[in-house]
Amino acid sequence: PLNPVFWLMNERESLAYLNSFLNFERMPLEASGGLWNLARMKRLLGHFKHPEKKYFRVLIAGTKGKGSTGFFLESILEEAGWRSGFYCSPHLAHPRERVRIGGRMISSRLWLECLLEIKRGLRSFRLPARLGTLTYFEVMTLLAALAFKKAGLKIAIFEVGMGGRLDATNALGAKLAILTPVDFDHEAVLGKTLGRIAGEKAGVIGRGCEVITGVQKPEAMRVIQARVRRTASRLLRAAPCRLKTGLSGDFQKANAGLAREAARVLRKKGFTIPDSSIAAGIARRGWPGRMEIFNPLGGPRILLDGAHNPVSTRALARNLRRLFKKPANPVLVFAVSRDKKSDRMLQALAGFFKEAVITQTGQARSREVPVLLEQARKYFYRLWAEENPERALALARRRAGRLGFVGVTGSFYLVGALRRVLKNA
């Protein structure tokens, strides 16, 4: 028989309810100034009796590699027999992708059950006006915390949305914090200097926390070390991993190294994790939108990658040159959010692609096509404009030809939209 939860709320209604909350992901970041605080999330968790306290919590902050590091750690835990939770963002097709249990996105039943509990619980929840209004990301974070408790998990991994100090995930209280490389991104909110940005990221380090970091720029490392001292925490340095990684890109060695060091820390916390599970987890494939290749019949190879800042686009271009030394007519499909340094991203990508089709993400934060065209003129041999992403992909495929190569990057929203097109083809 149909579970009663489906009579009370269906998937469409659940998305409408979730989308009724203020969503910073759909608005210019500069408009969110002054709306960030942890007080709302702390009150929210208290109102729902702190579901996060039922399991060990790992928090991952940084500028690049958070999702891949979390995927490696999730895979290691699964290989070792530990059913884990993983909260990540953004999603590519459906918000349920953000809440993973046992290596898969949350079931529709548990998704609806948690949202119904949240909807009912919020009827008696009151916030002082000075604290503002609940956000989409805060409700999603609560949903993940509830789902992991209901699933009876012993451990859960939470990827920070942006920054760290004031991110909703920081209210969960990490027992283990992982800091991936810190670089310039979201400067309008996080600060104009690397030190300021590192300070926001290092804000996830709580008192007595275990902290793992890898290679950092000196300015960022000084800030991280100062935070570790102030909180009486312990800092561990992770070297890049030499094991074979299931995810493509030389930068994945650093992410895998962070996950491996985290697994070693977890051993001391009572989680049995053999070396064989670490190797098998790092070799696991299946993280969508990260140097993901599609090979459609009768058409060019298509690569999807969520690189969305200058650092990640430089790494992407470097690895494309290494993996695809002489591709036939490589064509770029590019869109980006307005708060990104798109000029530098396009410059980096022009080191591999000779033609580009400029489009947009469809989000309110998307940078306008004419602006991108003006920036791209300095770097590309041929340029095309198509505001509709699906038509932009079709144009790029025609330009690349049957034996060519198409790369889609600049925004996870663009990657998500075109991945759905390719999966349904």
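K.L.:
I tried to follow the sheet that holds strand 14 (residues 404–409) on my own but got confused; where do I start?
P.N.:
For sheets, the rule is that strands pair by backbone hydrogen bonds, running either parallel or antiparallel. Sheet architecture is open: six strands sit in the order 9-10-14-11-12-13, paired in mixed fashion. The sheet is open, and its two borders are formed by strand 9 (292–294) and strand 13 (382–385), each paired with just one other strand. Strand-to-strand twist in this sheet, taken as the mean axis angle between neighbours without regard to direction, amounts to 20°. Relative to strand 14, strand 11 (residues 328–334) runs parallel, the two sharing six bridges. Across the sheet, the residue bridging to Pro 330 is Phe 405, located in strand 14. Along the sheet, helix 13 (residues 342–349) contacts strand 11, strand 12 (355–358) and strand 14; its crossing angle with strand 11, the most-contacted strand, is approximately 165°.

K.L.:
Just checking my understanding: could you explain the environment of Pro 95 for this structure?
P.N.:
Mapping Pro 95 onto the fold places it in the loop between strand 2 (85–87) and strand 3 (99–101). Taking relative accessible area as the criterion, Pro 95 reaches 7% and is therefore assigned buried. Once the C-alpha coordinates of Pro 95 and Ala 39 are considered, the two residues, 56 residues apart in sequence, prove to be 24 Å apart. Not counting residues up to four positions away in its chain, the partners in contact with Pro 95 are Leu 15, Leu 18, Trp 111, Tyr 136 and Met 140.

K.L.:
It is not clear to me how the nonpolar core should be interpreted in this structure. Could you clarify?
P.N.:
Taken as a class, soluble globular proteins show a tendency for nonpolar side chains to be buried jointly. Counting residues in each nonpolar core, the largest one holds 54 residues, and the members touching the most others are Val 99, Ile 118, Leu 122, Phe 148, Phe 158 and Ile 205. With 11 residues, the top contributor of residues to this core is helix 6 (residues 136–150). Ignoring anything within four residues of it in the chain, the contact list for Phe 148 reads Tyr 55, Gly 85, Phe 86, Tyr 87, Val 99, Arg 100, Ile 101, Leu 153, Ala 156 and Phe 158. Of all hydrophobic cores here, the second largest spans 31 residues; its members include Leu 77, Leu 236, Ala 238 and Ile 282.

K.L.:
Help me out: how do you make sense of helix 14 (residues 369–376) in this one?
P.N.:
A turn of α-helix holds 3.6 residues, and therefore any two residues three or four places apart point the same way. Those residues of helix 14 lying buried are Val 369, Leu 372, Leu 373, Gln 375 and Ala 376. One side of helix 14 holds all its buried residues, which, seen down the axis, span an arc of 165°. For helix 14, the exposed residues lying more than 90 degrees away from the buried face are Pro 370 and Glu 374. The elements touched by buried residues of helix 14 are strand 11, helix 13, strand 12 and strand 13.

Parameters at a glance
Residues numbered from 1 in each chain as written. Predicted model: local features only at pLDDT ≥ 70, side-chain atom pairs only at ≥ 80, totals over all residues. Heavy atoms only, no water. Pairing = 2+ DSSP bridges. Helix = DSSP H or I, 4+ residues; strand = E, 2+ residues; numbered from the N terminus. Axes fitted to C-alpha atoms, helices over the stretch in contact; angles between N-to-C directions. Contact = heavy atoms within 4.5 Å. Buried < 20%, exposed > 50% of the residue type's maximum accessible area, 1.4 Å probe, protein only. Core = buried A, V, L, I, M, F, W, Y, C linked by side-chain atoms within 4.5 Å. Arc of directions from axis to C-beta.

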